[in-house]
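Structural description and commentary
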Amino acid sequence: MAASASSPLSVLGSVVHPMSAVAAILGVYTVINAFKLVNFLRTTAYFPRVYSIFQPFALPGLLFPTTSWNSGLDWHWAGRFKTYAEAETVQLVPLVSGISNLWTSNVDIARQVAVGSHRSKWFKPEGSSQVLLMWGMNIVAADGSMWRKHRRVVGPAFGVDLYKLVWKKSRDIYNDMMNVEGWDREGRKSVDIPVVQQYMLKFAFLVIINCGFGFPSTWAVPPSSKDGTMPIQEALRLVIEHNMLLLFLPKWIFRLPIAKLQRVRAARERLISFMHEQIAKRQEDVASGKELQSDAFTMLVKANQDEDGKYALDDDELIGNIFVLMFAGHETTAHTLAATLGFMALHQDIQEEVLQQILEIVGSERDPVSIVIFLMKRVINVQIFDDYGKLDKVLAIFYEAARMFPAGHVLIREASEDTILQVQNPVGEEGTTSVPIQKGTQARFQLIVDMIGLQYNPRYFDQPEVYRPSRWYGLPADSEAFTAFSIGPRACLGRRFATVEATCFLALLLRDWKVTPLLKEGETEKQWGERVMHANIVVTLGARDIPLRFERRPVLQP
Ligand code: HEM
């Protein structure tokens, strides 16, 4: 008979109460941990130590909110003005459970560890990318020579043809949103949106489906297919929405007679078979030499065909990469767009300045995506993309929001062998200090580039707490002065994709609508800002729910 929680157990002939057994195990665990901790504290400390009960980003600390005693999921946000007051790199020491890690807010250290070269002694630990491996190995999760192989194929998919497509689709989806949501209904003067993130997530999702996957998809709910199968857009939506369930629940759970779970399983199966068909179809298109679509999926298949066998990716890897673009590029862009609109609501002077640039460059009614030309008595629509490079103030409001709310909030790296870090001396002192890093001294050693700490580091930014887009006016494209997309060879591959999408959307929206805060009764704008503009970290970092009012502008002239 199984023992209940309160019934005694027999161990080697003696009767032991289960609670005593648990207490004994906990006792042994605590003593072992205490020994480890004392030993660790006796080692040389090169960096100031910061203490917490549990390790952040791991159980059980994850279960508790960030407080003065627990680091929690957003401890780096809560401590963005305090943690690095003494030094730009600190060692976080969990007292009860978890491993001790270095946290840094210094760009030079980020540059040393985030490189991805085969000569580097730093790699991305597998656990940090587990969530991305569900569909197959991919560029974000891979490391070393495997990463180089993926980058060779995925990199060429990100070219000017893709960016032109993103520019055009962003316009189409914006117009579609206005239409389907009834914003452009005659006589409508304002629209109140309690959570702007919901709109931005849908917008970014549609851009990536159209431009990443190459599946035409619109703001309206997709109609059911005639043959009764699940529409592919619906399958994608379900899979993205329930990604965490698919990842963490065992497969058999999805076979239980629970309609919702079965629907998620059906969506996953539908997508897998569809993706294999799509690869075959695209391979045929490439081989036939006909004009190709410029979405990332098609470009990826083409780049893969161009590789010789040694470097080519297999079908699972192609699918892994297409899906990872969805995860890397959907929430990140949506949260940054939402934060940008939040800042616009708070800074009417900046919104006005940006509006003037939009009017000067695009004008009050012109379409930034196509112009009509008359050629030999024929009317031809020509796609244009020039405005993107000229709307630097629009781009700057997005950049500055990405600085203050860096969606990719940590870069996690591990030392594969003993190595040396060159640590920049404090501000005002020239040179660097060499700090030996011994692999394995603290169980497994990780170095975490704290992207929040970095973006709020006064070494790089005057008044980092102030939203000031003019820091980025006229910044050359891809400049490494802007670090929220990371730096070096493993920097974000989708940086241009995100900025093209954001520039088009923001230019159209701010030209048509004035953004203001949607206040609670009796609330001031300042109180609204203090309530809303705080980080909310789930996987990526965004702001809390942002309530906004959009007021229709009259047609304006520059
Ligand atoms: C505001 C939007 C975005 C932000 C803030 C952002 C940020 C980042 C950061 C910080 C990294 C480095 C991660 C690491 O090394 O651990 C990264 C990598 C990456 N991002 Fe983005 N990202 C954004 C949008 C996008 C988009 C739209 C796409 C694709 C459509 C994308 C695709 C990628 C890929 C493929 C990588 C891995 C590059 C490699 O390891 O070679 N990202 N991103």
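Calculation rules
Residues numbered from 1 in each chain as written. Predicted model: local features only at pLDDT ≥ 70, side-chain atom pairs only at ≥ 80, totals over all residues. Heavy atoms only, no water. Pairing = 2+ DSSP bridges. Helix = DSSP H or I, 4+ residues; strand = E, 2+ residues; numbered from the N terminus. Axes fitted to C-alpha atoms, helices over the stretch in contact; angles between N-to-C directions. UniProt positions renumbered as here; feature names shortened; annotations may be inferred. Buried < 20%, exposed > 50% of the residue type's maximum accessible area, 1.4 Å probe, protein only. Near = heavy atom within 4 Å. Polar contact = N/O pair within 3.5 Å; in protein donor to acceptor, adjacent residues only side chain to side chain. Nonpolar A, V, L, I, M, F, W, Y, C, P; charged D, E, K, R; others polar. Salt bridge = Lys/Arg side-chain N within 4 Å of Asp/Glu carboxyl O. Core = buried A, V, L, I, M, F, W, Y, C linked by side-chain atoms within 4.5 Å. Disulfide = S-S within 2.5 Å. Contact = heavy atoms within 4.5 Å. Expected span 1.5 Å × (residues − 1).

**Describing the sheet that holds strand β14 (residues 513-517)**
- Taken together, 3 strands build an open sheet; the order of strands is β7-β17-β14 and the sheet is antiparallel. Looking at the sheet topology across the chains shown, the edges are occupied by β7 (190-193) and β14. Strand-to-strand twist of the sheet, defined as the mean angle between neighbouring strand axes without regard to direction, takes the value 20 degrees.
- Taken together, the 4 bridges between β7 and strand β17 (residues 548-552) define a ladder with antiparallel strand orientation. Among the inter-strand pairings, D192 is bridged to a residue of β17, identified as R549.

**Observations regarding the UniProt feature "binding site: heme" (unreviewed entry) in the chain**
- Per the UniProt record, the feature "binding site: heme" (unreviewed entry) sits at C492.
- Here C492 is to be found in the loop between α16 (451-455) and α17 (495-512).
- Given a relative accessible area of 36%, C492 falls into the partly exposed group.

**A few points about unusual backbone geometry**
- Cis geometry marks the peptide bond from L59 to P60; its omega dihedral reads 0 degrees.
- By the secondary structure assignment, P60 is in the loop between β3 (49-54) and α2 (75-78).
- You will see that F57, though not glycine, has its phi angle at about 65 degrees, which is positive.
- Take F57: it is sitting in the loop between β3 and α2.
- Not every positive phi belongs to a glycine, and K377 is a case in point at roughly 65 degrees.
- In this structure, K377 sits in the loop between β8 (370-375) and β9 (378-383).

**Some remarks on the site of the ligand**
- With respect to spatial proximity, 24 residues lie near the ligand, and among them W147, R151, R413, R490 and C492 are the closest.
- W147 places a polar side-chain atom, nitrogen or oxygen, 2.8 Å from an oxygen atom of the ligand.
- Between the ligand and R151, the relevant distance is 2.6 Å, taken from an oxygen atom to a side-chain nitrogen or oxygen of the residue.
- Looking at the shell around the ligand, the elements with two or more residues in it are α4 (144-154), α11 (315-329), α12 (331-346), β10 (410-415) and α17.
- With 3 residues, the single largest contributor to the shell around the ligand is α12.
- Split into classes, the residues belonging to the shell around the ligand amount to 14 nonpolar, 6 polar and 4 charged.

**Re the pattern of salt bridges**
- One pass over the full model with this rule turns up 24 salt bridges.
- The partner of K168 in a salt bridge is D172, with the nearest N and O atoms 3.2 Å apart. Pair noted here: K168 and D172 are both in helix α5 (residues 160-180), with a separation of 4 residues, about one helical turn.
- Among the salt bridges present, the one from R403 reaches E400, with a minimum N-O distance of 2.9 Å. Highlighted residues: R403 and E400, both in helix α15 (residues 392-404), separated by 3 residues, approximately one helical turn.
- By relative accessible area, which is 0% here, E400 ends up buried.
- A single network of salt bridges, built from pairs that share partners, joins K168, R171, D172 and D367.

**Side note on the pairing of strand β5 (residues 101-104)**
- Residues N101 and W103 point to one face of β5 and L102 and T104 to the other, with burial holding for every one of them.
- Relative to β5, strand β4 (residues 89-97) runs antiparallel, the two sharing 4 bridges. If you follow T89 over to β5, its bridge partner there is T104.
- From the end of β4 to the start of β5, which pair antiparallel, there are 3 residues, and G98 there has a positive phi angle of about 110 degrees.
- In this sheet, strand β13 (residues 446-450) lies alongside β5 in parallel orientation, the contact comprising 4 bridges. In the strand pairing of β13, N101 is matched with Q446.

**What to know about the nonpolar core**
- Judged by nonpolar contacts, the single largest core of 126 residues is most densely connected at W183, F405 and F550.
- Of all the elements, helix α6 (residues 196-213) adds the most residues to this core, at 12 residues.

**Quick notes on the state of the cysteines**
- Under the criterion given, the structure shown has 0 disulfides.
- Distance from the sulfur of C211, which forms no disulfide, to the nearest cysteine sulfur (C504) is 10 Å.
- A relative accessible area of 0% means that C211 is categorised as buried.

**Quick notes on the environment of F297**
- Position of F297 relative to the elements: it lies in helix α10 (residues 296-306).
- Residues contacting F297, with those up to four places away along its chain left out, are G212, F213, F215, M275, Q278, I279, R282 and I322.

**Considerations on the sheet that holds β10**
- As summarised here, the arrangement of the 6 strands in space is β3-β4-β5-β13-β10-β6, forming an open sheet in which the pairing is mixed. Strand pairing shows two members of the sheet lacking a second neighbour, β3 and β6 (122-123), which therefore form its edges.

**Some remarks on helix α9 (residues 259-288)**
- The end-to-end C-alpha separation of α9 is 43 Å, in line with the 44 Å expected for 30 residues at 1.5 Å each.
- Along α9, the residues that are buried comprise L261, V264, A267, L271, F274, M275, Q278, I279, R282, D285 and V286.
- Looking at the packing, one finds that the buried side of α9 touches α6, α7 (232-241), α8 (243-248), α10 and α11.
- Positioned one or two residues after α9, G289 has a phi angle of 75 degrees, which is positive.

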